[in-house]
Amino acid sequence: MARILTGIQSSGRPHLGNILGAIKPAIELSKNPQNESFFFIADLHSLTTLKNGAERGEYVRAIAATWLAFGFDYKKNVFWRQSRVQEHTELNWYLNCFTPFPMLANATSFKDKSEKLSDVNAGLFTYPVLQAADILLYNANIIPVGKDQKQHLEMSKDIANRFNILAGEDILVLPEPKIDERIMTIPGLDGQKMSKSYHNYIDIFLPENELKKVTKKILSDSKQLEEPKDPDNDITFQLYSLVAKEADVETMRRNYLNGGYGYGHAKQALFECFMEVFAEPRRIFNYYMENTEELESILVEGEAKAREIAQETIGKVRKVLGFSS
């Protein structure tokens, strides 16, 4: 049986790109009876950029509600908040002491911001080590990641291997990345990769009127209503093709090519598709956001299961390092 682990930062509410690119694929993996899934909310990681505790708490609830809204079975798997299992930070410190400076200096998470070092805190610099601790604590075999995270997974393997050499035995399991080459970059409102950093994302859990307004903000060219349009280079069509039924996508493609079909029509069709396809997830999401005590009990239940496994791993690590007999 393969143990799969994935986490999502609590630095904002999940958007359409998160859902299509990470959450739904991970949930599909979890439905395979040959897999054992460990899904966590990386609220410690979010502290590198988000300092407001009230906001973080709201985002944690939104992320948890999103996983449940899309059908993650928390009873058959393990679902928890990173910060509520203190072994994450303990293992993080131990692994920090096995991680060479040049490795962290070459990490993309640091290099992308290294031109302005005043904006780089120590947490951001050692981000890959905490990520390694998250993975190695649970003996995870497979880590679903995007291409941009492949380097961090390789670092986790290198750190684990360094520790195992010292220990003289394979205490930490070396993880393998699972990169789905079929997953395309989900375009945002401006055509760049959908990202909270770019402020170009679509939150499909917004109230109906707000979601409609956001959908109307998708950039399009200046072609007139009667002119034929290129569907393959239009953001609205690209998003529609990711969520709509195949027959409906083909209908919209013909409308674009034939002319007499405006971008306003396409955006309205996309909005209606959002409301239809995500009707049930929206209902479940809103239920959990309104019933926070029930949501909390689900997370606490998962944290007890996660803690049991984490304590077993940390016990072995402490013994090797001489911190316990």
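Residues numbered from 1 in each chain as written. Predicted model: local features only at pLDDT ≥ 70, side-chain atom pairs only at ≥ 80, totals over all residues. Heavy atoms only, no water.

Draft legend 1. Geometry of the packing of aromatic side chains. By the definition in use, this model includes 20 aromatic pairs. Their ring planes at 65 degrees and their centres at 6.4 Å tell us that Phe-70 and Phe-205 sit as a pair that is edge-to-face. Residue Phe-70 is found in the loop between helix H3 (53–69) and strand S3 (78–81), and its partner Phe-205 is found in the loop between strand S5 (176–178) and helix H10 (208–216); the two are separated by 135 residues along the sequence. In this pair, the class of Phe-70 matches that of Phe-205, namely buried. (Phe/Tyr/Trp six-rings, centres within 6.5 Å; stacked < 30°, edge-to-face > 60°. Helix = DSSP H or I, 4+ residues; strand = E, 2+ residues; numbered from the N terminus. Buried < 20%, exposed > 50% of the residue type's maximum accessible area, 1.4 Å probe, protein only.)

Draft legend 2. Just helix H11 (residues 235–243), in detail. All of the buried residues in H11 are Ile-235, Thr-236, Phe-237, Leu-239, Tyr-240 and Val-243. Tucked inside the fold, the buried residues of H11 contact helix H1 (16–30), helix H12 (246–258) and helix H13 (263–277). You can read the cap of H11 off the contacts: a side-chain oxygen lies 3.3 Å from the backbone nitrogen of Thr-236, and it is on Asp-234. (Contact = heavy atoms within 4.5 Å. Polar contact = N/O pair within 3.5 Å; in protein donor to acceptor, adjacent residues only side chain to side chain.)

Draft legend 3. Representation of the pattern of salt bridges within the structure. Tallied over the entire structure, the rule returns 13 salt bridges. The salt bridge partner of Lys-31 is Glu-28, with a shortest N-O separation of 3.4 Å. Note that Glu-296 and Arg-81 form a salt bridge whose closest N and O atoms lie 2.9 Å from each other. Of the two residues, Glu-296 sits in helix H15 (residues 292–321) while Arg-81 sits in strand S3, which places them 215 residues apart along the sequence. Residue Glu-296 is classed as partly exposed on the basis of its relative accessible area of 31%. In this structure Arg-81 comes out as buried when scored by relative accessible area, which is 5%. Each of Arg-81, Arg-84, Glu-296 and Glu-303 takes part in one network of salt bridges that share partners. (Salt bridge = Lys/Arg side-chain N within 4 Å of Asp/Glu carboxyl O.)

Draft legend 4. Local environment of the side chain of His-45. Along the chain, the position of His-45 falls in helix H2 (residues 43–46). Looking at His-45, the relative accessible area reads 4%, which means it is buried.

The quantities given are spatial measurements derived from coordinates; they are silent on function.
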